[in-house]
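Residue strings, one per chain:
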Amino acid sequence: MLLILFESINMGTEKLTQLVFQLENKIPYASLSNPAISASTVGWQIEHSLLSVNLITERLKKSNPKEYVWKFNIGRYMILTTQKIPRGRAQAPDVVQPKADFNTDSLKAAIERAKESIKELNTLDSNQYFEHPYFGKLNLKPAIQFLQIHTQHHLAIINDIIKTSK
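One structure accompanies this document, and this report is about it. (Residues numbered from 1 in each chain as written. Predicted model: local features only at pLDDT ≥ 70, side-chain atom pairs only at ≥ 80, totals over all residues. Heavy atoms only, no water.)

### Points about the overall build of the protein
Secondary structure assignment for the protein yields five helices and two strands. At 16 Å, the protein has a C-alpha radius of gyration in line with the 15 Å of a compact globule built from 166 residues. Overall, the C-alpha framework of the protein stretches about 50 × 30 × 25 Å when taken along its three principal axes. Buried positions account for 45% of the 166 residues belonging to the protein. Relative to all contacts within the protein whose residues are 6 or more apart in sequence, the contacts with residues 24 or more apart total 81%. Put simply, the protein shows about 9500 Å² of open surface, and 55% of that area lies on carbon and sulfur atoms. For the protein, the separation between the mean place of its 20 positive charges and that of its 15 negative charges on side chains is 6 Å. (Helix = DSSP H or I, 4+ residues; strand = E, 2+ residues; numbered from the N terminus. Rg over C-alpha atoms; globule rule 2.2 N^0.38 Å. Buried < 20%, exposed > 50% of the residue type's maximum accessible area, 1.4 Å probe, protein only. Contact = heavy atoms within 4.5 Å. Areas by Shrake-Rupley, 256 points an atom, 1.4 Å probe, with all protein chains shown as cover. Lys, Arg positive; Asp, Glu negative; His and termini not counted. Charge placed at Lys NZ, Arg CZ, Asp CG, Glu CD.)

And the structure:
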């Protein structure tokens, strides 16, 4: 059972790492925007995604797994089941809102931090958790699933902005 969970966590972090590599490949488009798709630039989308990975990892690491208690949450259930976040329905919490002063170098540094954060996820207890503002407590496996879905959501926005800018 533990081996299955461990393999599942590793597969989840491998997929998340691949998504971060995709974000890294979008850095050259950081200044692009399309208000019809998003009020934010491609760079903002990248920075927000990376802030989310890094902050959630920090919160997971600092949590006490003995304090984790599962509680049903319909929003969490819907997002994790459908693997989709609807566009324009929620606003990012201030803590993961990028500052206006990010640039190519700071995005590359955030990419490297995210890669290290993802490696750390493989060392955590399965009941370490973070508190999501809409979905409640997510322990390790659903937290990784959320990060994948969240990153894919922002990559789709990025791809739409880039596609309409060509």
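### Quick look at the nonpolar core
If you look at soluble globular proteins, the nonpolar side chains tend to sit buried side by side. L23, I46, L50, L60, L121, F130 and L140 are the most contacted members of the largest nonpolar core, which totals 38 residues. Counting residues per element, the ones that place at least two in this core are α1 (2–25), α2 (42–62), α3 (74–82), α4 (104–121) and α5 (140–165). By residue number, the principal contributor to this core is α5, which donates eleven residues. Residue contacts for L121: discarding those within four places in its chain leaves I9, T13, L16, T57, L60, L140 and I144. (Core = buried A, V, L, I, M, F, W, Y, C linked by side-chain atoms within 4.5 Å.)

### Some thoughts on the side chain of N34
Examined against the element boundaries, N34 turns out to sit in the loop between α1 and α2. What makes N34 buried here is its relative accessible area of 16%. Among the polar contacts made by the side chain of N34, one reaches the main-chain amide nitrogen of A36 at a distance of 2.9 Å. Within the structure, the side chain of N34 is placed 2.8 Å from the side chain of T164, a separation counted as a polar contact. (Polar contact = N/O pair within 3.5 Å; in protein donor to acceptor, adjacent residues only side chain to side chain.)

### Here we look at unusual backbone geometry
Both trends apply: most residues other than glycine have a negative phi, and most peptide bonds are in trans. Located in the positive-phi region is Q83, a residue other than glycine, with phi close to 65°. Positionally, Q83 belongs in the loop between α3 and α4. Classification of Q83 by relative accessible area gives partly exposed; the value is 34%.

### Thoughts on the pattern of salt bridges
Across all of its chains, the model carries seven salt bridges by this definition. As a salt-bridge pair, E116 and K119 come within 3.3 Å of each other at their nearest N and O atoms. Placement of both E116 and K119 in helix α4 is noted, with a separation of three residues, approximately one turn of the helix. On the accessibility criterion, K119 (53% relative accessible area) is exposed. Measuring nitrogen to oxygen at the nearest pair gives 3.7 Å for the salt bridge that ties K163 to D160. Here the residue K163 and the residue D160 both occupy positions in helix α5, the gap between them amounting to three residues, near one helical turn. (Salt bridge = Lys/Arg side-chain N within 4 Å of Asp/Glu carboxyl O.)

### Considering α4
Relative to the 26 Å expected for 18 residues at 1.5 Å per residue, α4 spans 26 Å between its end C-alpha atoms, a close match to the ideal helical length. Taken together, the buried positions of α4 are L107, A110, I111, A114, K115, S117, I118 and L121. All buried residues of α4 fall inside an arc of 165° around its axis, so they share one side. The exposed residues of α4 that point more than 90 degrees off its buried face are D105 and K119. The opening residue of α4 is N103, an N-cap whose side-chain oxygen sits 2.9 Å from the backbone nitrogen of D105. (Expected span 1.5 Å × (residues − 1). Arc of directions from axis to C-beta.)

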